[in-house]
Amino acid sequence: MLLVADGDQMAFSCLVNRHQETVFQLIYRFFGREEEANDLAQEVFVRIWRSSKRYTPTSKFTTWLYTLTANICKSETQSLWRCNIRLIGSFWTFGDNDAPEIPAHTPSPEDATLQAEQGRLVRAAIESLPTNQRLAVVLRRYEELSYQEIAVVIGCSVAAVEALLVRAKANLHKKLLSLEK
Amino acid sequence: MEKSLPLPMNCTAIRKKLSAFEDGEVSPVWRSDIEAHLAICPDCRQALADLQHLWLALEDGVPCHPRPDFSQAVMRKITEQSEPRIFDWIRAWDFMFPAPAAVAAMVVLGLVIGGWMGKAAVENRTAVTTAPIQAATFEALDVFAPTPKGSLAQGYLLLVSDATQVKR
């Protein structure tokens, strides 16, 4: 990261290759949309490049990376354009009729369909959560961050993280039950 | 529909900590209390099992990965960043303000600017109309300039000219 601060594009390219999967997966699980995840993940790294000169190694780089990614996720949920698109898109969200993608390595098409359907339900349930609950769930369940780390990323106390996860799990439980019906 | 009975006091406190207990994020004191309670309370054991089942159910399923040209796309964007584009300004504005707050802020800003401009216009018009009158007064007073020293007229002139100097 210090090399990146000096303007070393090769070092920056290595950094992108090393962390792109992490950033992409976090954003994809937050929003549930591949196209948006690609665009926003690219935006994360562009911001890293722009702010590299202000970076000071006071904490782990990954914590800073997660914080930047979380801030972009929060900003995007508040953006004007997204509000409009969500309003228009809400007319078409009920009954997703698109055929699920079948990856090549699954044993059978039926299993793959079930797996894809389960994934769709999970993404829909997570996307229904308020922003901070959604972030807390994604960071805990998929990135396996500790409560302390999540508190730093989201910008709240450990007790607040605990409360967020309690509420998030209760909401997810209700949402998954209703979606399965 | 059966109304569920309120939980005993212990169960209420334990249920609140079950999520953190499942995540391994409770203190040693809490851990031993919860484990002791779970040993004797089947309802709380079931609640813990539900939480564990929920966590397992959040398995993603179909994996998703960034585009193959992700890295190249990022490098392309950072080399283009020096050229300001209209689209970037719109996106930057859009990132800065959430939708409802943006509308409220624009309304308040419009009222403040409109009020300030209106007030400035009124004050300016008042200053413009009074200035010629004052100028004429100064010129008119010069007619009485050659008055005898120590006379009442001179005293009056001095008084008036001092007052107008102060105003100026």
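Note that this is a predicted model, so its numbers are computed, not measured. (Residues numbered from 1 in each chain as written. Chains lettered and ligands numbered in written order. Predicted model: local features only at pLDDT ≥ 70, side-chain atom pairs only at ≥ 80, totals over all residues.)

J.: Would you mind showing me how to read the overall build of chain B here?
T.: Within chain B, the secondary structure is distributed over seven helices and zero strands. For chain B, the N- to C-terminal ordering of α and β elements is α-α-α-α-α-α-α. Restricting to contacts in chain B with at least 6 residues of sequence separation, those with at least 24 account for 38%. (Helix = DSSP H or I, 4+ residues; strand = E, 2+ residues; numbered from the N terminus. Contact = placed C-beta atoms within 7 Å.)

J.: Whenever I open this one, the interface of chain B and chain A confuses me. Can you help?
T.: The extent of an interface is frequently quoted as the accessible surface area lost upon association of the parts. Taken together, the 30 residues of chain B in the interface contact 38 residues of chain A. For the side of chain B that touches chain A, the secondary structure elements donating two or more residues are α1 (9–22), α3 (42–57), α4 (70–80), α5 (86–96) and α6 (99–141) of chain B. A per-element tally of the side of chain B that touches chain A places α4 of chain B first, with seven residues. Its residues assigned to classes, the side of chain B that touches chain A shows 18 nonpolar, five polar and seven charged. (Nonpolar A, V, L, I, M, F, W, Y, C, P; charged D, E, K, R; others polar.)

J.: Whenever I open this one, the packing of helix α3 (residues 34–50) of chain A against helix α4 (residues 61–78) of chain A confuses me. Can you help?
T.: Pairs of packed helices are described in terms of their axes, by the angle between the two and the distance that separates them. Residue and element names in this part refer to chain A. For the pair α3 and α4, the least separation of the axes is 10 Å and the interaxial angle reads 125 degrees. When the axis of α3 is compared with that of α4, the two are oblique. Seen along the crossing, α3 lies across α4 with a hand that is right-handed. Mapping the contact onto sequence places Leu-40, Glu-43, Val-44, Arg-47 and Ile-48 in α3 and Leu-68, Thr-69, Ile-72 and Glu-76 in α4. Residues belonging to the contact of α3 with α4 are distributed by class as follows: five nonpolar, one polar and three charged. (Axes fitted to C-alpha atoms, helices over the stretch in contact; angles between N-to-C directions. Parallel < 35°, antiparallel > 145°, perpendicular 65-115°, else oblique. Left-handed = near helix turned anticlockwise from the far one by under 90°.)

J.: What's the story with the confidence of the model for chain B in this structure? I'm lost.
T.: Residue and element names in this part refer to chain B. Overall, the prediction assigns chain B a mean pLDDT of 77, with 64% of residues at 70 or greater. At the low end of the mean pLDDT range in chain B sits α5, at 62; at the high end sits helix α2 (residues 28–40), at 94. Overall fold confidence for the complex sits at a pTM of 0.65, while the interface term, ipTM, reaches 0.74. (pLDDT = per-residue confidence, 0-100.)

J.: Quick question: what am I supposed to make of unusual backbone geometry here?
T.: Residues apart from glycine generally show negative phi values, whereas peptide bonds are mostly found in trans. Residue and element names in this part refer to chain A. Here Glu-144, not a glycine, exhibits a phi torsion of approximately 55 degrees, which is positive. Looking at where Glu-144 falls in the secondary structure, it is placed in the loop between α7 (131–141) and α8 (147–154). Accessibility expressed as a C-beta count within 10 Å gives 9 for Glu-144, which makes it exposed. (Buried ≥ 20, exposed ≤ 12 C-beta atoms within 10 Å, placed from the backbone.)

J.: Can you help me understand the nonpolar core in this one?
T.: When a protein is soluble and globular, its nonpolar side chains tend to lie buried together. Ile-27, Leu-135, Ala-136, Leu-139 and Ile-150 of chain A are the most contacted members of the largest nonpolar core, which totals 46 residues. Put simply, the parts of the chain that give this core at least two residues each are α2 (9–31), α3, α4, α6 (109–127), α7, α8 and α9 (158–180) of chain A together with α4 of chain B. Residue contributions to this core peak at 10 residues, all from α2 of chain A. If you count residues domain by domain, this core takes at least three from each of domain 1 (1–90) and domain 2 (108–181) of chain A. Apart from residues lying up to four places away in sequence, Leu-139 of chain A is in contact with Tyr-66, Leu-145, Ile-150 and Val-153 of chain A. By size, the runner-up hydrophobic cluster in this structure holds five residues, among which are Ile-14, Leu-18, Ile-34 and Cys-44 of chain B. (Core = buried A, V, L, I, M, F, W, Y, C linked by C-beta atoms within 7 Å. Domains from an automatic or database assignment.)

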